[in-house]
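Chains, contacts and geometry: an overview
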Amino acid sequence: MIDNLEQGYFGIGIQNGKTPENLGVLWRTAQNMGANFIFTVGRRYAKQACDTRKATGAMPYFHYDDFEDFYKHMPKGALLVGVELNERSVSLETFEHPRRCIYLLGAEDNGLTKAAMEKCHHLIKFDSSESINVSAAGSIVMYDRQLKINHKSSF
């Protein structure tokens, strides 16, 4: 039997996403990696993402007009983890994922807003010689979470 308090939960989303394709890829990965919900903050793209796995029908999807709206409606007790290259960011390789958290990614061209970074409980980054696609970054973070949580629970 799964203890939800021990297992926790996570959601993942993009702030000011640049293209619908990035969302479709991130959502498909989120569904496969056990995300409990997905979301968008702001919107720069013209149409909804192509969602080949129908993730929006399989898990809750939320849209927030701006960061303030998103932050006000975060689940109580969830920690906000920003994925961003920043002097405050810690390495994903050594990061211990919170049991209850929300991962927030920014678009490749602008990253997270200053307001978002200031409100994050944690900022994480990973080694990469160059900037990578936002959906790829989210996939790496979710895979790392899955590996570390599965490794912990096997002991």
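Scope of this entry: the structure provided in the associated data block. Note that this is a predicted model, so its numbers are computed, not measured.

1. Comments concerning the nonpolar core
The tendency in soluble globular proteins is for nonpolar side chains to be buried side by side. The biggest cluster of nonpolar side chains holds 24 residues, and the ones touching the most others in it are Ile12, Tyr103, Leu105, Ile124, Val141 and Met142. Counting only elements with at least two residues in this core, the list comes to β1 (9-15), α2 (20-32), β4 (79-83), β6 (100-106) and α6 (134-153). If sequence neighbours within four positions are ignored, Ile124 has contacts with Val81, Gly82, Val83, Glu84, Ser89, Val90, Leu92, Phe95 and Val141. Judged by nonpolar contacts, the second largest core, of 16 residues, contains Tyr64, Met74, Ile102 and Leu123.

2. Some points on the environment of Gly34
Tracing the backbone through its elements, the reader meets Gly34 in the loop between α2 and β2 (37-41). Expressed as a C-alpha distance, the spacing of Gly34 and Phe10, which sit 24 residues apart in the sequence, is 8.2 Å.

3. Remarks on the sheet that holds strand β7 (residues 122-125)
A sheet is described by the order of its strands in space; here seven strands give the open sequence β3-β2-β1-β6-β4-β7-β5, paired in parallel fashion. Of all strands in the sheet, those with a lone pairing partner are β3 (61-64) and β5 (90-91), marking the two edges. As defined by bridge partners, β1 adjoins β2 across five bridges and the pair is classed as parallel. Residue pairing for β2: Ile14 is matched across the bridge by Thr40. Running over the sheet, α2 touches β1, β2, β3 and β6 and is turned about 175° from β1.

4. Overview of the environment of Ile124
For Ile124, the location among the structural elements is in strand β7. Ile124 gets classed as buried once you look at its relative accessible area, which sits at 0%. In this structure, the C-alpha to C-alpha distance between Ile124 and Val83, residues 41 residues apart in sequence, is 5.0 Å.

Analysis parameters
Residues numbered from 1 in each chain as written. Predicted model: local features only at pLDDT ≥ 70, side-chain atom pairs only at ≥ 80, totals over all residues. Heavy atoms only, no water. Core = buried A, V, L, I, M, F, W, Y, C linked by side-chain atoms within 4.5 Å. Buried < 20%, exposed > 50% of the residue type's maximum accessible area, 1.4 Å probe, protein only. Helix = DSSP H or I, 4+ residues; strand = E, 2+ residues; numbered from the N terminus. Contact = heavy atoms within 4.5 Å. Pairing = 2+ DSSP bridges. Axes fitted to C-alpha atoms, helices over the stretch in contact; angles between N-to-C directions.

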